[in-house]
Amino acid sequence: MKLEELTGRQRPTNIPKTAQEVMTWAKCAIESGRYKTDGEFLDALAVLLGNIGNELLDDTKKIGVVSYADGPILDEWPFKEGKYPFHIKDNITGKNVADPRVVLIGRLAYQLGSVSGQGHEYMYELYVLTGKYYHSYMSSLSIAWDGIGSWRY
């Protein structure tokens with residue numbers, strides 16, 4: 001019997017806690033040659049983004065279901081009190097600002113796509129892929145990415 005079956009919960013994932021850890025992860029992933037295509041790398045980034053977004057959701061409650069682009073139908077979880085997914089609270093202003101990890105991942109996707117003149121398309125593909133792993137609606141990710149390259153949604 002698996003731990004998930006015994007506890008009813010999935011194992012915690014190793015989510016980078018800082019933008020520097022995201023950069024280290026991306027550098028190792030690229031240098032290792034683990035991902036043979038840009039699509040495979042984007043899917044790995046989508047899993048990472050989904051996990052970052054899900055950190056600020058309350059997985060003990062279900063308020064509906066959500067699905068994107070022929071992806072799986074996921075339980076929709078509410079935001080944790082005072083939290084906004086893909087964002088962090090700025091210590092100086094007290095306002096929610098885009099999480100640096102999320103901004104860095106968006107920039108990585110844009111730069112990767114820019115090599116072939118498709119920066120916006122790569123970001124959009126990553127946005128759609130993230131919807132397969134994120135248990136809420138994607139508007140908070142779109143807001144966090146506003147201003148990266150040609151991203152405007």
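Up top you'll find the structure we're talking about.
Quick caveat, the model's predicted, so the values are computed rather than measured.

Draft legend 1. Representation of unusual backbone geometry. Located in the positive-phi region is phenylalanine 86, a residue other than glycine, with phi close to 70°. Tracing the backbone through its elements, the reader meets phenylalanine 86 in the loop between strand E2 (74-76) and strand E3 (87-89). By relative accessible area, phenylalanine 86 is classed as buried at 1%.

Draft legend 2. Quick peek at the pattern of salt bridges. Overall, the coordinates contain five salt bridges when judged by the stated rule. Linking glutamate 55 and arginine 101 is a salt bridge whose minimum nitrogen-to-oxygen distance equals 2.9 Å. Residue glutamate 55 is located in the loop between helix H3 (38-54) and strand E1 (64-66), and its partner arginine 101 is located in helix H4 (residues 100-114); the two are separated by 46 residues in the primary sequence. Taking relative accessible area as the criterion, glutamate 55 reaches 22% and is therefore assigned partly exposed. A residue is classified by how much of its surface remains accessible, and arginine 101, at 7% relative accessible area, is buried. The closest approach of N and O atoms between arginine 101 and aspartate 99, which form a salt bridge, is 2.7 Å. Among the ionic contacts, a cluster of salt bridges with common partners joins Lys17, Glu55, Asp99 and Arg101.

Draft legend 3. Representation of the nonpolar core within the structure. Leu49, Val102, Ile105, Leu126, Leu141 and Trp145 are the most contacted members of the largest nonpolar core, which has 32 residues in total. For this core, the secondary structure elements donating two or more residues are helix H2 (19-32), H3, H4, helix H5 (119-130) and helix H6 (139-145). Among the elements that line this core, the one with the most residues is H3, at seven residues. With residues up to four places along the chain from it excluded, the contact list for tryptophan 145 reads Leu49, Val102, Gly106, Met123, Leu126, Tyr127 and Trp151.

Draft legend 4. Here's a closer look at the packing of H4 against H5. The N-to-C vectors of H4 and H5 enclose an angle of 135°; their axes lie 7 Å apart at closest approach. Viewed along their axes, H4 and H5 adopt a mutual orientation that is oblique. The two elements H4 and H5 meet at a crossing, and its hand is right-handed. Every residue of H5 that contacts H4 at Ile105, Gly106, Ala109, Tyr110, Leu112, Gly113 and Ser114 is listed here: Gly119, His120, Tyr122, Met123 and Leu126.

Draft legend 5. Here's a closer look at the packing of aromatic side chains. The tally for this structure, following the rule as stated, stands at eight aromatic pairs. Ring plane angle 15° and centroid distance 6.0 Å describe the contact between tryptophan 25 and phenylalanine 41, whose orientation is recorded as stacked. Taken as a pair, tryptophan 25 in helix H2 and phenylalanine 41 in helix H3 lie far apart in primary sequence, 16 residues in all. A relative accessible area of 23% places tryptophan 25 in the partly exposed class. Following the ring pairs from residue to residue traces out a cluster consisting of Tyr124, Tyr127, Trp145 and Trp151.

Calculation criteria
Residues numbered from 1 in each chain as written. Predicted model: local features only at pLDDT ≥ 70, side-chain atom pairs only at ≥ 80, totals over all residues. Heavy atoms only, no water. Helix = DSSP H or I, 4+ residues; strand = E, 2+ residues; numbered from the N terminus. Buried < 20%, exposed > 50% of the residue type's maximum accessible area, 1.4 Å probe, protein only. Salt bridge = Lys/Arg side-chain N within 4 Å of Asp/Glu carboxyl O. Core = buried A, V, L, I, M, F, W, Y, C linked by side-chain atoms within 4.5 Å. Contact = heavy atoms within 4.5 Å. Axes fitted to C-alpha atoms, helices over the stretch in contact; angles between N-to-C directions. Parallel < 35°, antiparallel > 145°, perpendicular 65-115°, else oblique. Left-handed = near helix turned anticlockwise from the far one by under 90°. Phe/Tyr/Trp six-rings, centres within 6.5 Å; stacked < 30°, edge-to-face > 60°.

In short, geometric facts, not functional conclusions.
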